Amino acid sequence: MSENKLLDLSFEFAVAIVNLVDGVTAPKSAYMTDQLARAGTSVGANIYEAQYAQSKKDFVAKLEIALKESNETSYWLKLMCETQRIDTATYQCAEKLCGNIRRLLIASCKTAKEYK
C-alpha cells in the first residue's frame, strides 16, 4: 500500500465495482449496472484528480464530488441488492468498502477546510 490510504482504497473499490458489474447477468439490468459503474469508478477518479488540484478550494471540491459519488454508489448497490441483481454478501462487502472511503473523504474534507 502506498502512503495515501484513500487513493489505494478508492482504486481497490473501482476494481471491485468493475468486477461486480461485469458479473451481473440478470436480464434488463444494464441501466443499473451502467449507473453503478459510472458512480463507483468516479469516486476514485475524483480522488486521483484532487491530487493535482490547482488550489485548496479545487482540492476540496474534487473530494466533495467523490463523496457525492460514493453516496450515489451506495444507492445503486442497495437497489441492485433489493432487486436481486446482486447477492447480499456482495452488497455488504462493496458497501463496507464504500462506507470506509466515505468516512475518509469526510475527514479529509474537514481537515482540508480547517487547514490554513
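Nothing here was measured: the structure is a model prediction, and the numbers come from that model.

**Q** Help me understand the pattern of salt bridges in this model?
**A** Side chains that differ in sign of charge can pair as their charged atoms come close. Counted by the stated rule, this structure contains four salt bridges. A salt bridge links Lys 113 to Glu 64; the nearest nitrogen and oxygen atoms lie 2.7 Å apart. Separated by 49 residues along the polypeptide, Lys 113 in helix α4 (residues 88-114) and Glu 64 in helix α3 (residues 56-82) bring together distant segments of the chain. Given the relative accessible area of 48%, Lys 113 is considered partly exposed. A salt bridge links Arg 102 to Glu 95; its shortest N-O distance comes to 3.0 Å. The buried category is assigned to Arg 102, whose relative accessible area is 16%. Here the salt bridges do not stand alone but share partners, grouping Glu 49, Asp 58 and Lys 62 into one network.

**Q** How do you make sense of the nonpolar core when you look at a structure like this?
**A** If you look at soluble globular proteins, the nonpolar side chains tend to sit buried side by side. Of all hydrophobic cores here, the largest spans 28 residues; its most connected members are Leu 20, Leu 36, Ile 47, Leu 77, Ile 86, Ile 101 and Leu 105. At the level of secondary structure, the elements contributing two or more residues to this core comprise α1 (5-23), α2 (30-50), α3 and α4. Those residues in contact with Leu 77 that lie beyond four places of it in its chain are Ile 17, Leu 20, Leu 36, Ile 86, Tyr 91, Ala 94 and Glu 95.

**Q** Which parts of the structure should I look at to understand the environment of Ala 45?
**A** Relative to the helices and strands, Ala 45 resides in helix α2. In the structure, Ala 45 is positioned 17 residues away from Lys 62 in sequence and 9.3 Å away in space, judged by C-alpha atoms.

**Q** So what exactly am I meant to see when it comes to the environment of Ala 53 here?
**A** Structurally, the position occupied by Ala 53 is in the loop between α2 and α3. A C-alpha to C-alpha distance of 38 Å links Ala 53 and Glu 82, two positions 29 residues apart in sequence. When neighbours within four sequence positions are excluded, Ala 53 is seen to be in contact with Asp 58 and Phe 59.

**Q** What is the right way to read α1 from this model?
**A** The end-to-end C-alpha separation of α1 is 27 Å, in line with the 27 Å expected for 19 residues at 1.5 Å each. Buried positions along α1 lie against α2, α3 and α4. The backbone nitrogen of Leu 6 has a side-chain oxygen 3.1 Å away, supplied by the residue at the start of α1, namely Asn 4.

The rules behind these values
Residues numbered from 1 in each chain as written. Predicted model: local features only at pLDDT ≥ 70, side-chain atom pairs only at ≥ 80, totals over all residues. Heavy atoms only, no water. Salt bridge = Lys/Arg side-chain N within 4 Å of Asp/Glu carboxyl O. Helix = DSSP H or I, 4+ residues; strand = E, 2+ residues; numbered from the N terminus. Buried < 20%, exposed > 50% of the residue type's maximum accessible area, 1.4 Å probe, protein only. Core = buried A, V, L, I, M, F, W, Y, C linked by side-chain atoms within 4.5 Å. Contact = heavy atoms within 4.5 Å. Expected span 1.5 Å × (residues − 1). Polar contact = N/O pair within 3.5 Å; in protein donor to acceptor, adjacent residues only side chain to side chain.

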